[in-house]
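Architecture and fold: a report
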Amino acid sequence: MKKTTNLRKIKSRAHGYRFTVGRILELVVALVFLFFAGRMLYLSISKTIDGQDISKRTAAIYRRNTVLTANRGTIYDKNGLIIVQDSHTYTVYAILDKTYVDSKKKPLYVQDKEKTADKLATVLPLSKAKILKYLNPKNKNTFQVQFGTAGSGLTLTEKKKIQAMHLTGIKFMETPSRLYPNGVFASNVVGYTVSQTNSKTQTTELEGVTGLEAYFNKILKGTNGYETSMVDSSENQLPSGSHSYKAAKDGDNLYLTIDSQLQSALETYMSKVQKNYKPKAMTAVIEDLKTGKILAASQRPTFNSQTKDGISKAGSNLLVQSSYEPGSVFKILSLAAAVNSGNYNPKSYYRSGSITVSGSTIYNWQKSGWGTIPFSQAFPRSSNVGMVYLEKKIGAKLWRKYLNMFRITHKTGITLPGEVSGSLSFSSPVDQAVTSFGQGVTVNVMQMMQVYSALANNGQMVKPQLVEKITDSSGKTIKSYKVQKVGKKIFTAQTRKVVMQNMKKVLDKEIGTGHIYYMKGKDFGIKTGTAQIAKSTGGYMTGDRDYVFSVVGITPTANPRYCIYLTMKQPSKLGSGAETILAQIFKPMMSRLVLLNKGDKSASAVVKVPKFTGMTYAKAKKAATLNGLSLVRLGTGSKVLSQKAGAGETVSVGSTVFVLTSGKISLPDLAGWSESQIEAYASLAGIKLQLSGSGKVKSQSLAQGTVVKSGTKLKVELKE
């Protein structure tokens, strides 16, 4: 009986134990259920896991919102050659999140980091170790990583190289960019763009910062479109998903008045002068004065539009955003006003030494003057005193009226941002007097070009313009820019004739200030200028180089059409004079304009120099002929060792290229060679050259046939 009782007690305890365990298990299950239910409730409220927004993450995986980026418009030259066009760069990135798989659970993230780093290091400018550091971030929950600046700005070629590696988890983002194929090419005029992020769409867009890119930014950029669709994790569109679409409208195109061939040649000569004489600033403009169309325009300092090299020092657009006292080139206005108002008598005389106005003495650039001379010599001699006499004859009131008609202190309205208006001091007799020779008045370059246009249109100014037309993305013309007259006619055809006759006299060897610009058989007139630079504290700088040197040339003289205007501020080296420096740009460009006026299209023809180095001389000569170039060999060898001009350099058709071979170098007869040809020859041969004079070679210190070598000294005399 006792045993039976004990057995019942044991069974009772076992049953109680099982009941207790069962209750505990039920409680555990309930707690687990409550945990997951609470977790789901938490997620439904917070919508985050490990700091990431689940709803956004899900939308990112299954809803694709694509901005359809509009292509930025192309900028062409007058002949339809591309100056600027749309391009794209790429940024590479790596997906690291192991939950990122496709519908078949195939990984879409980086699996083999060692292999990935090893492969990427062959394209990106990063070591394998550095790439691995990017692929192993401290935050283990990082969804994706980029590779800093080294992984951005990739070209299409670099992108394709990486894609060919078939690296899992490696993706690309496309960024719009601009292609400037010509490098340094009217860079401050054309301008440039920068990439900016649109805060609404989070897409990268191009915005014009300077020049035409900025002025026409709205029409160039176009309007983005969009596409929204439902996709799976492999970005395959789901057939049942919603879909909406709006096409992008590409930007409009600009056709400029710029002639690429003239522009390239101008850049070449500007760069040479900048390198050799290092002026603080230079400007150059070539214009068809009949129409106001700018055929070429440049400045120094400038920058390479493609690489952006030099952009930090390029500063403002000196053609419109900077004003300066023009100096004696302003005497064209004074003479025109005097002639047109009947106050110019070329046969009357004046004392040229100095003149006193309200107690202030005004001198010529040559203080002693030229004695008593006729007014017919005042302009070609660039006599300040003569111009003051003419201003006094005109009278301050009428002279001011002419300045207003010439639109001095008024903006031209050219299609470039930030144009300044200039200034005029005219309150006292002295102020009024000095304006007659371009002091006490400030202008911008385009204002002067507008003034000069009156000489080609019998006294009627026309607005300078850079844009020929605007077309839409399909090529349809939506706007054409026509010749735009500015103000009323200022002077008569007879006045224009007298002014041009005086400009031609400036080239005269006996009385002209610009004989150095003379070229036999070329019909053009010029005016030189040497303007003082005002100090911020008052007064003017006094150093030998502290001037704005300038020259304006117009061809032909009987029926003016083409104009070139150059300015140069404070060159570090003067050499044999500012005119000699400017002539290195003026002469070759004016020669082209003279030919262009005669209908010779080769006047603006340029070509890139082939790479002759490594060729046999026979092959190099054939290649030069095919490109319209002349080849001169230094040495007797059969293989070209080096060349001058360099491969890829832009030169005019018909230019001479010197090539060096092995063997002895015999000096040729240099008679008739230009200064640039002599310099190129001497540089390649290693000759120490000593030049005197200007123009073409008159004599050489070593006879033709003399064997020369590196270090040989050669004296060459040049003469016009």
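None of the values given here were measured: they were computed from a predicted structure.

What follows covers the pattern of salt bridges. When their charged atoms lie close together, side chains carrying opposite charge are able to pair. Taken as a whole and assessed by the stated rule, the structure comprises 12 salt bridges. Ionic contacts of the salt-bridge type, sharing partners, join the residues Arg72, Asp86, Arg178 and Glu213 into one network.

This part covers the packing of helix α9 (residues 260-277) against helix α17 (residues 578-597). In the contact formed by α9 and α17, the axes pass within 8 Å of each other and the chain directions differ by 170 degrees. Classified by the angle their axes make, α9 and α17 are roughly antiparallel. Regarding α9 and α17, the two cross each other, and that crossing is right-handed. Between α9 and α17, the contacting residues are Leu262, Ala265, Leu266, Tyr269, Met270, Lys272, Val273 and Tyr277 on the first element and Ile581, Gln584, Ile585, Pro588, Met589, Arg592 and Leu596 on the second. Across the contact of α9 with α17, the residue classes break down as 12 nonpolar, one polar and two charged.

Read across the sheet, three strands follow the order β34-β37-β35 without closing on themselves; strand pairing throughout is mixed. This sheet does not close on itself; its edge strands, each paired only once, are β34 (688-693) and β35 (696-700). On average, each strand axis in the sheet is inclined to that of its neighbour by 35 degrees, with strand direction left out of account. Where β34 lies against strand β37 (residues 713-719), six bridges are found, and the strand directions are parallel. Following the sheet pairing, Gln690 is matched in β37 by Lys715.

You can see Asn502 is positioned in helix α16 (residues 493-505). Residue class for Asn502 comes out buried when judged on its relative accessible area of 3%.

Taken in spatial order, the three strands make up an open sheet running β29-β32-β30, and their pairing is mixed. Each edge of the open sheet carries a strand with a single partner, namely β29 (630-634) and β30 (642-644). Across the sheet, the mean angle separating the axes of adjacent strands is 25 degrees when strand polarity is ignored. Strand direction decides the pairing type here: β30 and strand β32 (residues 656-660), joined by three bridges, are antiparallel. Paired with Lys644 across the two strands is Phe658, which belongs to β32. Contacting β29 and β32, helix α18 (residues 617-626) runs over the sheet at an angle of about 155 degrees to β29. Strand contacts of helix α19 (residues 675-685): β29, β30 and β32, with the helix running at about 10 degrees to β32, the strand carrying the most contacts.

Ranked by size, the top nonpolar core spans 123 residues in total, and within it Phe406 and Tyr452 carry the most contacts. Looking at this core, the element that brings in the most residues is α17, giving 11 residues. Discounting chain neighbours no more than four positions away, the residues touching Tyr452 are Leu289, Val329, Ile332, Val552, Cys563 and Tyr565. Formed by 22 residues, the second largest nonpolar core is a distinct cluster that contains Ala94, Val110, Ile131 and Val145.

This part is about helix α15 (residues 445-453). α15 sits mainly inside the fold: nine of its nine residues count as buried. Of the residues making up α15, those classed as buried are Val445, Met446, Gln447, Met448, Met449, Gln450, Val451, Tyr452 and Ser453. Of the residues flanking the start of α15, the one acting as N-cap is Asn444, its side-chain oxygen 2.9 Å from the backbone nitrogen of Met446.

Between helix α11 (residues 331-340) and α16, the least distance of the axes is 9 Å, while the angle of their chain directions is 135 degrees. Taken together, α11 and α16 sit at an angle that is classed as oblique. You can see that α11 and α16 cross each other, and the crossing is right-handed. Residues Ile332, Leu335, Ala336, Val339 and Asn340 of α11 form the contact with α16, whose own contacting residues are Thr495, Val498, Val499, Asn502 and Met503. In the contact of α11 with α16, the residues fall into seven nonpolar, three polar and no charged.

Right, let's talk about a positive patch on the surface for a bit. Taken together, the side chains of Lys275, Lys278, Lys573 and Lys644 define a basic patch exposed on the protein surface. Secondary-structure assignment places Lys278 in the loop between α9 and β13 (281-288). You can call Lys278 partly exposed: its relative accessible area is 44%.

Summarising the element assignment, Leu691 is placed in strand β34. The spacing of Leu691 and Glu717 is 26 residues in sequence and 6.0 Å in space, taken between C-alpha atoms. In contact with Leu691, not counting residues within four places along its chain, are Glu675, Ile678, Glu679, Val716 and Leu718.

For the rest of this paragraph, the subject is the pairing of strand β12 (residues 253-256). A two-sided burial pattern is seen for β12, the buried positions comprising Asn253 and Tyr255 on one face and Leu254 and Leu256 on the other. Note that strand β4 (residues 75-76) and β12 share two bridges and pair parallel. When the bridges of β12 are listed, Tyr76 appears paired with Tyr255. Both β12 and strand β22 (residues 467-471) contribute to a ladder of four bridges, which runs antiparallel.

Let's shift gears to the packing of aromatic side chains. Here the structure, examined in full by the defined rule, presents 17 aromatic pairs. Aromatic pair Tyr215 and Phe216: ring centres 5.1 Å apart, planes at 65 degrees, arrangement edge-to-face. Note on Phe406 and Phe491: the rings are 6.5 Å apart at their centroids and 50 degrees apart in plane angle, and the pair reads as tilted. Residue Phe406 is found in the loop between α13 (396-405) and β19 (423-424), and its partner Phe491 is found in the loop between β24 (485-486) and α16; the two are separated by 85 residues along the sequence. No difference in accessibility class separates Phe406 from Phe491, as the two residues are buried. Feature note: the residues Tyr350, Phe375 and Tyr389 constitute an aromatic cluster, connected by ring pairs. In this arrangement the basic side chain of Arg633 is found over the ring face of Tyr617, its NZ or CZ atom lying 4.1 Å from the centre.

We now examine the environment of Val84. Relative to the helices and strands, Val84 is located in strand β5 (residues 82-95). Beyond its immediate chain neighbours, meaning those up to four positions away, Val84 contacts Thr74, Ile75, Arg178, Leu179, Tyr180, Val190 and Glu213.

Spanning 18 residues, α9 covers 26 Å between terminal C-alpha atoms, matching the ideal 26 Å at 1.5 Å per step. If you check which residues of α9 are buried, you get Ser260, Leu262, Gln263, Ser264, Ala265, Leu266, Glu267, Met270, Val273 and Tyr277. Once α9 finishes, Lys278 follows within two positions and takes phi at roughly 45 degrees, a positive value.

Cut-off values and rules
- Residues numbered from 1 in each chain as written.
- Predicted model: local features only at pLDDT ≥ 70, side-chain atom pairs only at ≥ 80, totals over all residues.
- Heavy atoms only, no water.
- Salt bridge = Lys/Arg side-chain N within 4 Å of Asp/Glu carboxyl O.
- Axes fitted to C-alpha atoms, helices over the stretch in contact; angles between N-to-C directions.
- Helix = DSSP H or I, 4+ residues; strand = E, 2+ residues; numbered from the N terminus.
- Parallel < 35°, antiparallel > 145°, perpendicular 65-115°, else oblique.
- Left-handed = near helix turned anticlockwise from the far one by under 90°.
- Contact = heavy atoms within 4.5 Å.
- Nonpolar A, V, L, I, M, F, W, Y, C, P; charged D, E, K, R; others polar.
- Pairing = 2+ DSSP bridges.
- Buried < 20%, exposed > 50% of the residue type's maximum accessible area, 1.4 Å probe, protein only.
- Core = buried A, V, L, I, M, F, W, Y, C linked by side-chain atoms within 4.5 Å.
- Polar contact = N/O pair within 3.5 Å; in protein donor to acceptor, adjacent residues only side chain to side chain.
- Patch = residues over 30% accessible without salt bridge, like charges linked within 9 Å, V, L, I, M, F, W, Y side chains within 5 Å.
- Areas by Shrake-Rupley, 256 points an atom, 1.4 Å probe, with all protein chains shown as cover.
- Lys, Arg positive; Asp, Glu negative; His and termini not counted.
- Charge placed at Lys NZ, Arg CZ, Asp CG, Glu CD.
- Phe/Tyr/Trp six-rings, centres within 6.5 Å; stacked < 30°, edge-to-face > 60°.
- Lys NZ or Arg CZ within 6 Å of the ring centre and 35° of its normal.
- Expected span 1.5 Å × (residues − 1).

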